[in-house]
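Report on the structure
Here is how the chains run, residue by residue.
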Protein chains: 2
Amino acid sequence: MYLANPTQQTAVTTADKVFEQMQHAIVEGEITSGSKISEPELAKRYQISRSTLREALNRLEKCHLIERKANVGSRVVDCTIEGLLELYITREALEGMACRQAALNMSDEEIVDMQAMLKAHSQTQELKDGVAYYQEEGDLDFHYKVILGSHNKQLIDLICGQLYHLVRMYRCQFGMNSPRASRAFNEHSQIIQAICDRDGELAEILMRRHIAASRKNIENKIAEQNLTELINRK
Amino acid sequence: MYLANPTQQTAVTTADKVFEQMQHAIVEGEITSGSKISEPELAKRYQISRSTLREALNRLEKCHLIERKANVGSRVVDCTIEGLLELYITREALEGMACRQAALNMSDEEIVDMQAMLKAHSQTQELKDGVAYYQEEGDLDFHYKVILGSHNKQLIDLICGQLYHLVRMYRCQFGMNSPRASRAFNEHSQIIQAICDRDGELAEILMRRHIAASRKNIENKIAEQNLTELINRK
DNA sequence: TTTAGGCTTATTGTCGACAATTTCTTTTTA
DNA sequence: TAAAAAGAAATTGTCGACAATAAGCCTAAA
């Protein structure tokens, strides 16, 4: 069920395949966050020429996983707290709107499908209670469905094609197995209900709250951590 | 004052320069919207090798001005009504949030600067009343300032680095010299006031209304046009 | 000892050629 | 005549080599 690539564009060219491998490697942290990328080295590792490697790098840059400077080279983006919070702000705006559009544009079948997914998730969650991993994938599945449901190519491309690789990267690197699992679950059902009622305004508000809550959760953790650090220094 | 490239990253490499030239050519319609791109032909026209042309194409793809399919080639995006409306929806979400963040994060100097700009625009508008061109540039200037004022790299990159080239393209291709000039002007001052008051919530609402109003204005025009077409057919 | 300047090395940008794939044309067959 | 298959032409993807730029190192002067 879980899709790392919801837009479903299969890789045909070798640059595509290397792109997917590197994307995976960066998200999982195998290629260290913040590290410099050596074109000759990576070309050797993947057994390809520098040209096709550069093609792959271009796509990685497109989804904000690396940054390039002319005549200097590429670096893997480094995961910072500020970057994470900025990402949440952006998601709040985009996914909020996507959710509003989903309430207006989703077909009845899509809604039924989404409800079924939620039910399936609820059962696996009951079985594996406390195991956050499945909930994480379920969370992504849910968000993907809503975004695709907006039927807005621009939004879909921006969120699924670009931002979500970064989201997954942060989740992996910061080891975010959110303890908000059960709360998030209730929020998901509320959102689906609003979509089902075709209430775009409410759907947007709920989605924004849902994402803002995650952000605040993190902000609190940071504040907490800074506090204990302060105490330990004394 | 007016900036086509608000992020100010000067082109150093030849691929950069060709990218800027082609970007201009596409936005202005010199390279026809929807047309297929021939790599050999363009490489010859710009006197560069196919490799560096492809580098330029990659950047054009990054700001959604062209679309590529593996083993098939690139096309300039074609400007459709649906695409334009989707763009407005996306802008409403992103710029609304950027405006909220600007109210929270802009420095006092930035705000003063923005107020000065508005005043300057108001004077040129009084002088050249009815001439929409200056207002158009002024409109972009205003929006750029707000977006940069959000101090959110993610938002800035998405809007200024990607969406706004498309916005300018649509404006050129559809010849949108908005008759909303004077109304838009008042809306701009309201927004600046909200930012000045550090009222993020209101600032977002006003910006969203401002953009939504433009969208509805277009939707009405379309509906009107369809109506007259229907009548003429009889 | 530190800083400035020039040299060496390594990395990125650009080029032209070949391979793989698609598309168009022509030929064959029902 | 129409449809399908085979062949030809053109286009895109990939490769290795060279040129231009940046980074590191070493020497020399203050």
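Since we're looking at a predicted model, the values are computed, not measured. (Residues numbered from 1 in each chain as written. Chains lettered and ligands numbered in written order. Predicted model: local features only at pLDDT ≥ 70, side-chain atom pairs only at ≥ 80, totals over all residues. Heavy atoms only, no water.)

With respect to the protein's contact with DNA strand D
In the vicinity of DNA strand D there are 19 residues, among which A:Thr13, A:Thr14, A:Thr52, B:Arg50 and B:Arg54 approach most closely. Here A:Asn71 contributes a side-chain N or O atom positioned 3.4 Å from a sugar or linking oxygen of DNA strand D. One nitrogen or oxygen atom from the side chain of B:Lys36 is found 3.2 Å from a phosphate oxygen belonging to DNA strand D. Of all the elements in the fold, those that place two or more residues in the surface near DNA strand D are α1 (14-28) and α3 (50-62) of chain A together with β1 (36-37), α2 (39-45) and α3 (50-62) of chain B. Counted by class, the surface near DNA strand D contains 6 nonpolar, 8 polar and 5 charged residues. (Near = heavy atom within 4 Å. Polar contact = N/O pair within 3.5 Å; in protein donor to acceptor, adjacent residues only side chain to side chain. Helix = DSSP H or I, 4+ residues; strand = E, 2+ residues; numbered from the N terminus. Nonpolar A, V, L, I, M, F, W, Y, C, P; charged D, E, K, R; others polar.)

Overview of the domain arrangement of chain A
Quoted interface sizes are often the accessible area lost when the parts come together. Residue and element names in this part refer to chain A. Considered domain by domain, chain A is made up of domain 1 (14-76) and domain 2 (81-233). Residue-level contacts link 11 residues of domain 1 with 8 residues of domain 2. Here domain 1 meets domain 2 over a buried area of about 850 Å², counting both sides, of which 61% is carbon and sulfur. On the domain 1 side of the contact with domain 2, Val27, Cys63 and His64 bury the most area, a combined 51% of that side's loss. On inspection of domain 1 and its partner domain 2, the count reaches 0 salt bridges. Counted by class, the side of domain 1 that touches domain 2 contains 5 nonpolar, 4 polar and 2 charged residues. (Domains from an automatic or database assignment. Contact = heavy atoms within 4.5 Å. Buried area = accessible area lost by both parts, 1.4 Å probe. Salt bridge = Lys/Arg side-chain N within 4 Å of Asp/Glu carboxyl O.)

Quick look at the side chain of B:Glu55
Mapped onto the elements of the fold, B:Glu55 is located in helix α3. Among all residues touching B:Glu55, those that are not within four sequence positions of it are A:Arg54, A:Asn58, A:Arg68 and B:Ala15.

Notes on the interface of chain B and chain A
Chain B puts 31 residues into the contact, and the matching count from chain A is 31 residues. Of the roughly 2,500 Å² buried at the junction of chain B and chain A (both faces included), carbon and sulfur atoms supply 51%. Our count for the chain B to chain A interface comes out at 8 salt bridges. A salt bridge links A:Glu55 to B:Arg54; the nearest nitrogen and oxygen atoms lie 3.8 Å apart. Between chain B and chain A we count 15 residue pairs in polar contact (both at pLDDT 80 or more) in total. Elements supplying a minimum of two residues to the side of chain B that touches chain A: α3, α4 (81-105), α7 (153-173) and α9 (200-233) of chain B. Among the elements that line the side of chain B that touches chain A, the one with the most residues is α4(B), at 10 residues. Here the side of chain B that touches chain A is composed, by residue class, of 11 nonpolar, 8 polar and 12 charged.

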